[in-house]
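The chain contents come next:
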Amino acid sequence: MNSKFHLALPCINIKETRKFYLEILKAERGRSGENWLDINLYGNQLTFTQAGNFNFDFKSYRFSDHVLPSFHFGVIVNAEVWKNLYGRLSEMDLEITTEATFLKDRTGEHLSFFVRDPNDYMVEFKSFMREGEIFATDY
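Overview of the structure.

Procedures and definitions
- Residues numbered from 1 in each chain as written.
- Predicted model: local features only at pLDDT ≥ 70, side-chain atom pairs only at ≥ 80, totals over all residues.
- Heavy atoms only, no water.
- Helix = DSSP H or I, 4+ residues; strand = E, 2+ residues; numbered from the N terminus.
- Buried < 20%, exposed > 50% of the residue type's maximum accessible area, 1.4 Å probe, protein only.
- Contact = heavy atoms within 4.5 Å.
- Areas by Shrake-Rupley, 256 points an atom, 1.4 Å probe, with all protein chains shown as cover.
- Core = buried A, V, L, I, M, F, W, Y, C linked by side-chain atoms within 4.5 Å.
- Pairing = 2+ DSSP bridges.
- Axes fitted to C-alpha atoms, helices over the stretch in contact; angles between N-to-C directions.
- Phe/Tyr/Trp six-rings, centres within 6.5 Å; stacked < 30°, edge-to-face > 60°.
- Polar contact = N/O pair within 3.5 Å; in protein donor to acceptor, adjacent residues only side chain to side chain.
- Salt bridge = Lys/Arg side-chain N within 4 Å of Asp/Glu carboxyl O.

Right, let's get into the overall build of the protein. For the protein, the count of helices and strands is two helices and 10 strands. Element order for the protein, N to C, with α for helix and β for strand: β-α-β-β-β-β-β-β-α-β-β-β. The buried share among the 139 residues of the protein stands at 35%. Long-range pairs, those at least 24 residues apart, make up 54% of the contacts in the protein with a sequence separation of at least 6. Just so you have it, the protein exposes about 8600 Å², and 47% of that area is on carbon and sulfur atoms.

This part takes up the nonpolar core. Tyr21, Ile39, Leu41, Leu46, Phe48, Phe73 and Phe125 are the most contacted members of the largest nonpolar core, which has 25 residues in total. Of all the secondary-structure elements, those providing two or more residues to this core are β1 (6-11), α1 (14-24), β3 (36-41), β4 (44-50), β7 (72-76), α2 (79-90), β9 (110-116) and β10 (122-128). It is α1 that contributes the most residues to this core, four residues altogether. Counting five residues, the second-largest nonpolar core is a separate cluster that includes Ala100, Phe102, Phe114 and Met122.

Let's shift gears to the environment of Ile14. Along the chain, Ile14 falls in helix α1. The spacing of Ile14 and Asn119 is 105 residues in sequence and 9.5 Å in space, taken between C-alpha atoms. Dropping the residues within four chain positions of it, Ile14 is found in contact with Glu34, Asn35, Trp36, Leu37, Phe48 and Gln50.

As a further point, take the sheet that holds β1. Strand order in the open sheet formed by four strands is β1-β4-β3-β2, and the pairing between neighbours is mixed. Each edge of the sheet is formed by a strand with only one pairing partner; in this case those strands are β1 and β2 (28-32). Strand-to-strand twist across the sheet, computed as the mean angle between neighbouring axes with direction ignored, equals 25 degrees. The pairing of β2 with β3 spans three bridges and is antiparallel. Among the inter-strand pairings, Arg29 is bridged to a residue of β3, identified as Ile39.

Counted according to the given criterion, the structure contains nine aromatic pairs. Ring geometry for Trp82 versus Phe113: centroids 5.4 Å apart, planes at 70 degrees, classification edge-to-face. Residue Trp82 is found in helix α2, and its partner Phe113 is found in strand β9; the two are separated by 31 residues along the sequence. Phe113 carries the same exposure label as Trp82, and that label is buried.

With that settled, consider the side chain of Glu133. With respect to the helices and strands, Glu133 occurs in the segment after β10. Separated by 2.8 Å, the side chain of Glu133 and the backbone nitrogen of Gly108 make a polar contact. There is a polar contact of 2.9 Å between the side chain of Glu133 and the side chain of Arg130. For Glu133, the contacting residues outside a window of four places in its chain are Arg106, Thr107, Gly108, Glu109 and Phe128.

Tallied over the entire structure, the rule returns six salt bridges. A salt bridge links Arg116 to Glu95; the shortest N-O distance between them is 2.9 Å. Of the two residues, Arg116 sits in strand β9 while Glu95 sits in the loop between α2 and β8 (96-102), which places them 21 residues apart along the sequence.

In structure tokens form, the structure reads like this:
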């Protein structure tokens, strides 16, 4: 059985968050209320609750030749979805960072890019060359 993930996060502005995920990322809306929102992000549930201002320091780390945000979340999609999403988002006035291939010619090789949402969360989209290597331990 494949399991889905659920992640609950605070947000600064529920209307801007709704617009970003529904209109820009083209995710689907789930249940919602005046101050909270469920998002279906490729079959996984994100819940945003309006919490006002909050502060996360986006510490980074080095992976290969890239500096990546240590605080981020993401979704794994197939190569066609990844390519279409990256192409569409690249045409918009969004902060997209670190479009790269990681672990080139090694176990776990994947494409990846990050986009910043209205709450300053970094959302990663990745596509593995070989789906069976998503959780491979040797690279």
